[in-house]
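Spelled out from the first residue to the last, the chains are:
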Amino acid sequence: MAKFGRSVVLILALILIVVIITNTAIGSTLISPLITAKILLANFFPVEHTWLDKHETIIIGVRLPRVLLAAFVGGALSTAGCAMQGLLKNPMADPYIIGMSSGAALGASLGFVLMLPVHLMSFMLAVLAIFVVYNISKVGGKVPVDTLLLSGIAIGSLLSAITSMIIFLAQSPHKIIFWIMGGLWNASWEELRITSVMIIFGVLVLYRYAWKLNVMLLGEEEAHYLGVDIEHVKRYVLVFSALVTAAAVSVSGIIGFVGLIIPHIMRILVGPDHRILFPASTLMGAIFLVLCDTFSRTIIAPNELPVGVVTAMFGAPFFIYLLRKRRNSLYA
Amino acid sequence: MLEIKGLSMNYGQRCVLNNIGLKAREGEVVGIIGPNGSGKTTMLKAITKVLKPTYGAVLIDGKDVREMESNEIAKNVAVVSQVISINFEFSVEDIVLMGRTPYIRSSESTEDIKIAMDALKKTNIYHLKDRLITQLSGGELQRVIIARALAQTPKILLLDEPTSHLDITNQIDVLNLVKEASRKGLVVVAVIHDLNLAAYYCDKICLLRDGDVIATGTPRDVLTSSNIGVAFNLPVEVTENSKTNSIFVMPVLEPRNEVSNQR
């Protein structure tokens, strides 16, 4: 493991902590980062009580769960994107491209229309979409990558069409549309608890496949010769990418861009070794979404921009800059 | 010992291998030769269970590969295939360490690293260990792939045209490495296109045509002008090369029209 890579991961971890503290401090009520840090630390250590109780309520009750949720969602989407790109050896791959987002959106729309729990419905349909896509692309016990991508796009279009129909027929379509645009305004500790457990579990499982994903970059046949059970890796990486993405999407709606672009940016910075690339992507995804979310909730306060709009508006130009700077292609 | 017994492979209706038998022992370099499409690569794929035989069996020390997990096969059989390039920026050390994959549970042990380093030294590329794989020449890359195969600490080394895109010096270097590995107790089975290199380096040669074994035995017995004529449909002349103590195969060609003669 390269020393450079390790120090990048360490630096990103420190940046994430600073970003979480400072972004919890930012909002309509002015609370200094120092006081914010004290309030946060008071949960773990005895700290002299020098702040207003209402500030503590704002920090702990409102802002912190939102900032943490943004970190978890960003980390989850980015890790899953990283896993999918490595697995499918395709720079266009992210958890959305194989039908997850369409499944989640349909689940949410059904939830709104049929008065069912929206999070649960979107989670279930996202997982169901992956399951259907995986089984459609299965040919004689194997899942060829191109078939997987194509059937993902096909199923995705089908589900999107159904969602459009529901929006068209719905009595209050704006709710569905807002959900699809993606946002973290519903953040609460309860949501955070369920989501974070699923995301931490899924991400840690994906980390365990880092070495095998590295070997699979050499090609499926080479990986087979090196003793990697390719179909097993495909199945598990797909399932756990789906799990963390569904957990994220069910609370945040569809936030584009993070899962696709952050892993690319990190690959340009730290190289293709998933042992480094995975944690670097997770941390960078978390940092990125926390920053974007703060921007989206403050820029036109008291209103909010959908965070998906912000992620694309900041991320795309930066990514284009990196892409131009680097001459050779990402995947040959 | 590698033993292939009555191996037949069909792709749909087409028979690619027909009742093949072959034995390869420790310390032996066995060459598989034959024209394109004669079933050489298919045979290697059957040995590593990439393809399942229609009939017959492949035995490694008496054990059928079909009863082995891919992990277990990788501990016994290493494959050096024709890798033209690797486009991911791994270091040479990382690529060679990937040979330890069948043994690694979660992360590599110091033992794994030591074996990988030994493999780098055996193949004379230790000095390249920190270089990126994307920056190597064809000859260096092929040596990295052989080092990775040795890091698998296999009993059997399979090579699929390991030298076909290398210059003559690198071809000889690579085959010397392979020969040395075999002398240390590996079973080596190599698909080789160059009949003269095959004659020189192999202890035993298996000549295929259209999925049938035409002849098996020592290079001198197998590489006769009549056998090669039948297999490749090409008239050749086989002569003795007293310097290498090996045979030399040369296609019978029309006399050249020298440019100087026309002046």
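Structure's up top.
Residues numbered from 1 in each chain as written. Chains lettered and ligands numbered in written order. Predicted model: local features only at pLDDT ≥ 70, side-chain atom pairs only at ≥ 80, totals over all residues. Heavy atoms only, no water.

A few words now on the overall build of chain A. Along chain A, the regular secondary structure elements total 14 helices and zero strands. Starting at the N terminus and ending at the C terminus, chain A contains elements arranged as α-α-α-α-α-α-α-α-α-α-α-α-α-α. For chain A, whose C-alpha radius of gyration is 20 Å, the value lies close to the compact-globule estimate of 20 Å for 332 residues. Its C-alpha atoms give chain A principal-axis dimensions of about 65 × 55 × 35 Å. Put simply, chain A has 332 residues, and 56% of those count as buried. Within chain A, contacts between residues separated by at least 24 positions form 74% of all contacts whose residues are at least 6 apart in sequence. Summing over all exposed atoms, chain A offers an accessible surface of approximately 14,900 Å²; the carbon and sulfur share of this is 72%. If you average the places of the 22 positive and of the 15 negative side-chain charges in chain A, the two averages end up 6 Å apart. (Helix = DSSP H or I, 4+ residues; strand = E, 2+ residues; numbered from the N terminus. Rg over C-alpha atoms; globule rule 2.2 N^0.38 Å. Buried < 20%, exposed > 50% of the residue type's maximum accessible area, 1.4 Å probe, protein only. Contact = heavy atoms within 4.5 Å. Areas by Shrake-Rupley, 256 points an atom, 1.4 Å probe, with all protein chains shown as cover. Lys, Arg positive; Asp, Glu negative; His and termini not counted. Charge placed at Lys NZ, Arg CZ, Asp CG, Glu CD.)

The next thing to look at is the packing of aromatic side chains. Scanning the entire structure with this criterion turns up seven aromatic pairs over all chains. Geometrically, the ring pair formed by A:F201 and A:F240 is edge-to-face, given 5.8 Å between the ring centres and 70 degrees between the ring planes. Residue A:F201 is located in helix α8 (residues 189-208), and its partner A:F240 is located in helix α11 (residues 230-252); the two are separated by 39 residues in the primary sequence. According to the relative accessible area criterion, A:F240 is buried, its value standing at 14%. Ring plane angle 85 degrees and centroid distance 4.9 Å describe the contact between B:Y200 and B:Y201, whose orientation is recorded as edge-to-face. Looking at B:Y200, the relative accessible area reads 44%, which means it is partly exposed. A residue is classified by how much of its surface remains accessible, and B:Y201, at 5% relative accessible area, is buried. Pairwise contacts between aromatic rings join A:F201, A:Y209, A:Y236 and A:F240 into one cluster. Directly above the ring of B:Y103 sits B:R100, whose terminal nitrogen or CZ lies 4.0 Å from the centroid. (Phe/Tyr/Trp six-rings, centres within 6.5 Å; stacked < 30°, edge-to-face > 60°. Lys NZ or Arg CZ within 6 Å of the ring centre and 35° of its normal.)

We now examine the sheet that holds strand β7 (residues 156-160) of chain B. Residue and element names in this part refer to chain B. Overall, mixed pairing links the six strands, which are arranged β6-β7-β8-β3-β9-β10 in an open sheet. Because the sheet does not close on itself, it has two edges, and the strands there are β6 (77-80) and β10 (212-217). On average, adjacent strands in this sheet sit at an angle of 15 degrees to one another, irrespective of strand direction. Packed onto the sheet, helix α1 (residues 40-47) meets β3 (29-33), β7, β8 (187-191) and β9 (204-209) and runs at close to 150 degrees relative to β7. Contacts from helix α9 (residues 225-232) reach β9 and β10 within the one sheet, and its direction differs from that of β9 by about 35 degrees. (Pairing = 2+ DSSP bridges. Axes fitted to C-alpha atoms, helices over the stretch in contact; angles between N-to-C directions.)

Residues and elements named next belong to chain B. As summarised here, the arrangement of the four strands in space is β2-β1-β4-β5, forming an open sheet in which the pairing is antiparallel. Of all strands in the sheet, those with a lone pairing partner are β2 (14-24) and β5 (63-64), marking the two edges. Two strands pair when backbone bridges link them, and strand β1 (residues 2-11) and strand β4 (residues 55-60) are joined in this way by five bridges, in the antiparallel orientation. Across the sheet, residue I4 finds its bridge partner in β4, namely V58. Lying over the sheet, α1 contacts β1, β2 and β4, oriented at roughly 115 degrees with respect to β1.

Bringing the interface of chain A and chain B into the picture now. Counting residues at the interface gives 22 residues for chain A, matched by 28 residues for chain B. For the pair chain A and chain B, the summed buried area comes to about 2,200 Å², and 61% of that belongs to carbon and sulfur atoms. Contact with chain B buries area across many residues of chain A, yet A:W211, A:Y225 and A:L226 alone supply 33% of it, more than any other trio. Put simply, chain A and chain B have four salt bridges between them. (Buried area = accessible area lost by both parts, 1.4 Å probe. Salt bridge = Lys/Arg side-chain N within 4 Å of Asp/Glu carboxyl O.)

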